[in-house]
Amino acid sequence: KSSKREWKPLEDHSCTDVPWLLLFILFCIGMGFICGFSIATGAAARLLSGYDSYGNICGQKNVKVEGIVNSGLDLTQKKYVFFLDPCNVDLVHQRIKSLALCVSACPTKELKTLADVQKFAETNGSNLCSYELQPSEYTTDPRAAKLCPKHPVPESAPIPFFHRCAPVNISCYAKFAEALITFVSDSSVLHRLISGVMTSKEIIMGLCLLSLVLSMILMVIIRYISRVLVWILTILVILGSLGGTGVLWWLYAKQRVSAHAVETQIAKDNLQALLIYAISATVFTVILFLIMLIMRKRVALTIALFHVAGKVFIHLPLLVFQPFWTFFVLILFWTYWITVLLFLGTTGNPVPNEEGFIEFRMVGPLKYMWWYHVVGLIWISEFILACQQMTVAGAVVTYYFTREKRNLPFTPILASVNRLICYHLGTVAKGSFIITLVKIPRMILMYIHTQLKGKENACARCMLKACICCLWCLEKCLTYLNQNAYTATAINSTNFCTSAKVPFIILVENALRVAAINTVGDFMLFLGKVLIVCSTGLAGIMLLNYQRDYTIWVLPLIIVCLFAFLVAHCFLSIYEMVVDVLFLCFAIDTKYNDGSPGREFYMDKVLMEFVENSRKSMKEAGRGGGAESRELKPM
């Protein structure tokens, strides 16, 4: 009713949600305090240099701990931590249940007897038995069975920067995994799987690099052939699914014939894996064909939208590299977080345990710093991801609401980052905190469900799973609403609550369009992910097939396919984000502008034609009635 303009895209910039920015800064200061406290209490030295079971830090002089023998030693020349039984791991308390000593050198070869341990000590000057035993007593003192390492002593090498002697042989690590993966009844299978991964590590790395290259090529292709991309993806996925399924059945038939000649356990495992892969690929192909058959009439509606998104990537090429920067920042933060977590594991006062050895434990309120640190992991990680969403939204908004595209900033991405830092960090902090509030209860329930596995009754198990599922759905809905809120903030510089409310109302008013775009557009991008995974998996099958006689390649292929999907998801999620932002910009444009003087449309002509054609096709289908009309109703 009023002629007053309610939205002024990119005209007014103001700081939003400043109190939340201050709260986030205070929270980060608290995270820094935890790091500083752990370093000041000597945790950094204990973590990096290592310490023995008596509380002595290796490589330096130590202070005597009252009541503890062998404490307060001068270990300046003994710079490495050596565990008498390094493979004895207590997974419940996350520690190695073994006597730890400081030694001057790690054993560089396997020592099978106490005589070999004694010879190593006399030759290298590195005593691998407890401090109270001299090398000459290793073979004569009856205490040597308890105070010397378990035989055979595995070949070890120091871990870089952390001065711990770690076994070189992977069999010890297989025992770790065997304890973690409780569903593996035959430990020999697990050993063969891990051996397969280690044997094929070069192929795995090459295939992971291939998936990265394929994802970048697909992003470049999307920029230039967006009009025909949908049809190309559809045809390639059909051919890829048929080809992959056919190759799997062919390899299964071929290997089944050759398996009778070479009856080894590895050959049997590979034959069984091929059968499972072939059946799974057949089921997947059938389901994919059915979905594409149902959605065939909506494929044309997506072409115009992809064309506009392709224009965005042509004008904003740096969008392609946005996942790299986000991933790099996340890696830096996670590295910092894990480092501080390790500091916290060695922070505290020396306390004797039930075995008479020293452990470092925090007492009083300080022991709850773990929880603060865990919350920091979730909130700051979500904050970094939200910054990416705000950056992409700001860049696309700049493109959409700039009438003359030649007047775009030199780098809209950097302009968006500048606006984010100067005005909207508070909004990002608030949005990420809301996601954190939902994610923490879900993680707690998942932890409770894991701890009570096999102990709770069926009703409790069902209720736990239902709560976890509901919280997961709520988290996904809030993530989608947050993304739209960031877009509205980038357009009009409004606070988070206003930016979340108005787009929600607009999206509800355009529910049919939103459903059509999300259904067809997301499905096309899903086909792109499937294409990359299928291509990488097919290349992996052909390469690993040459090692089938001496390598189990079930686990290597799963690792490669998972990595390929994650890489494809990181790249194509940017494209999906661009499509969502474009549609919200269009919806706001049509709601608050009517094309009259002073209220001209900002939209691209192709986008307008897409929505108008979509609306006409839906009206015609509605007048036609029948099955087609009913089929459109869920949209």
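Rules used in this analysis
- Residues numbered from 1 in each chain as written.
- Predicted model: local features only at pLDDT ≥ 70, side-chain atom pairs only at ≥ 80, totals over all residues.
- Heavy atoms only, no water.
- Helix = DSSP H or I, 4+ residues; strand = E, 2+ residues; numbered from the N terminus.
- Buried < 20%, exposed > 50% of the residue type's maximum accessible area, 1.4 Å probe, protein only.
- Contact = heavy atoms within 4.5 Å.
- Phe/Tyr/Trp six-rings, centres within 6.5 Å; stacked < 30°, edge-to-face > 60°.
- Expected span 1.5 Å × (residues − 1).
- Bend = angle between axes of the 7 residues up to and from the residue.
- Axes fitted to C-alpha atoms, helices over the stretch in contact; angles between N-to-C directions.
- Parallel < 35°, antiparallel > 145°, perpendicular 65-115°, else oblique.
- Left-handed = near helix turned anticlockwise from the far one by under 90°.
- Nonpolar A, V, L, I, M, F, W, Y, C, P; charged D, E, K, R; others polar.
- Disulfide = S-S within 2.5 Å.
- Core = buried A, V, L, I, M, F, W, Y, C linked by side-chain atoms within 4.5 Å.
- pLDDT = per-residue confidence, 0-100.
- Salt bridge = Lys/Arg side-chain N within 4 Å of Asp/Glu carboxyl O.

Digging into the overall build of the protein
Along the protein, the regular secondary structure elements total 19 helices and eight strands. The buried share of the protein, reckoned over its 635 residues, is 46%. In the protein, of all internal contacts separated by at least 6 residues, the share reaching a separation of at least 24 is 71%.

Details of the packing of aromatic side chains
Using the criterion set out here, one finds 13 aromatic pairs in the structure. Each ring, one from Phe324 and one from Phe571, has its centre 5.5 Å from the other, and the planes form 80°; the classification is edge-to-face. Residue Phe324 is located in helix 11 (residues 322–345), and its partner Phe571 is located in helix 17 (residues 554–592); the two are separated by 247 residues in the primary sequence. We classify Phe324 as partly exposed; its relative accessible area is 31%. Chaining the aromatic ring pairs together yields one cluster made of Trp20, Phe24, Phe27, Tyr372, Trp379, Phe383 and Phe433.

Examining unusual backbone geometry
For residues besides glycine, phi is generally negative; the peptide bonds are generally trans as well. With an omega dihedral of -10°, the bond running from His151 to Pro152 counts as a cis peptide bond. One can find Pro152 in the loop between helix 4 (144–147) and strand 5 (156–158). Not every positive phi belongs to a glycine, and Ser493 is a case in point at roughly 55°. With respect to the element layout, Ser493 can be found in the loop between helix 14 (458–492) and helix 15 (496–509). Using a relative accessible area of 7% as the deciding quantity, one classes Ser493 as buried.

Topic: helix 13 (residues 412–451)
Given a rise of 1.5 Å per residue, 40 residues ought to cover 58 Å, yet the end C-alpha atoms of helix 13 are separated by just 49 Å, more than 12% below that figure. Most pronounced at His424, the bend in helix 13 amounts to some 85°.

Regarding the packing of helix 1 (residues 18–40) against helix 12 (residues 369–400)
The N-to-C vectors of helix 1 and helix 12 enclose an angle of 130°; their axes lie 10 Å apart at closest approach. Overall, the two elements helix 1 and helix 12 adopt an arrangement that is oblique. Where helix 1 crosses over helix 12, the two elements pack in a sense that is left-handed. Counted together, Leu23, Phe24, Leu26, Phe27, Cys28, Gly30, Met31, Ile34 and Phe37 of helix 1 and Met369, Tyr372, His373, Val375, Gly376, Trp379, Ile380 and Phe383 of helix 12 form the full contact between these two elements. The residue inventory of the contact of helix 1 with helix 12, partitioned by class, reads 14 nonpolar, three polar and no charged.

Observations concerning the state of the cysteines
Within the structure shown, the criterion is met by three disulfides. Each sulfur in the disulfide pair Cys106 and Cys165 lies 1.9 Å from the other. When the S-S torsion is -80°, as for the bridge of Cys106 with Cys165, the disulfide is left-handed. Of this pair, Cys106 sits in the loop between strand 4 (100–103) and helix 3 (114–124) while Cys165 sits in strand 6 (residues 165–167), and the two are 59 residues apart along the sequence.

Structural notes on the environment of Leu210
Mapping Leu210 onto the fold places it in helix 7 (residues 201–224). By relative accessible area, Leu210 is classed as partly exposed at 29%. Between the C-alpha atom of Leu210 and that of Ser535, which follows or precedes it by 325 residues, the distance is 9.2 Å.

Brief notes about the nonpolar core
In terms of nonpolar packing, the biggest core is built from 78 residues, with Leu319 and Val578 touching the most fellow members. The biggest single contributor to this core is helix 17, with 18 residues. Every residue in contact with Leu319, bar those within four places of it in the chain, is listed here: Val312, Phe313, Val392, Val396, Ile413, Ile574 and Val578. By size, the runner-up hydrophobic cluster in this structure holds 31 residues, among which are Ile68, Tyr138, Cys165 and Ile358.

Regarding helix 11
Here helix 11 is 24 residues long and its end C-alpha atoms lie 35 Å apart, about the 34 Å a rise of 1.5 Å per residue gives. Gln322, Pro323, Thr326, Leu330, Phe333, Trp337, Val340, Phe343 and Leu344 are the residues of helix 11 that are buried.

Quick word on the confidence of the model for the protein
Scored by pLDDT, the protein has a mean of 77; 78% of the residues are at 70 or more. When pLDDT is averaged over each helix and strand of the protein, the minimum, 38, is found for helix 19 (residues 626–632) and the maximum, 91, for helix 12. Note that pLDDT drops below 50 for residues 1–5; the model gives that stretch six contacts with residues more than four away or on any other chain. For the stretch residues 625–635, pLDDT sits under 50, and the model shows 15 contacts to residues farther than four places along the chain or on other chains.

Digging into the pattern of salt bridges
Inspection of the entire model under this criterion finds four salt bridges. With a shortest N-O distance of 2.6 Å, Lys439 and Glu382 are connected by a salt bridge. Of this pair, Lys439 sits in helix 13 while Glu382 sits in helix 12, placing them 57 residues apart in sequence. Under the relative-accessibility criterion, Lys439 is labelled buried at 16%. For Glu382, a relative accessible area of 15% corresponds to the buried category. Note that Arg442 and Glu475 form a salt bridge whose closest N and O atoms lie 3.0 Å from each other. Taken together, the residues span a long stretch of sequence, with Arg442 in helix 13 and Glu475 in helix 14 at a distance of 33 residues. Judged by its relative accessible area of 5%, Glu475 is buried. Shared partners join several salt bridges into a network, and the residues in it are Glu382, Lys439, Arg442 and Glu475.

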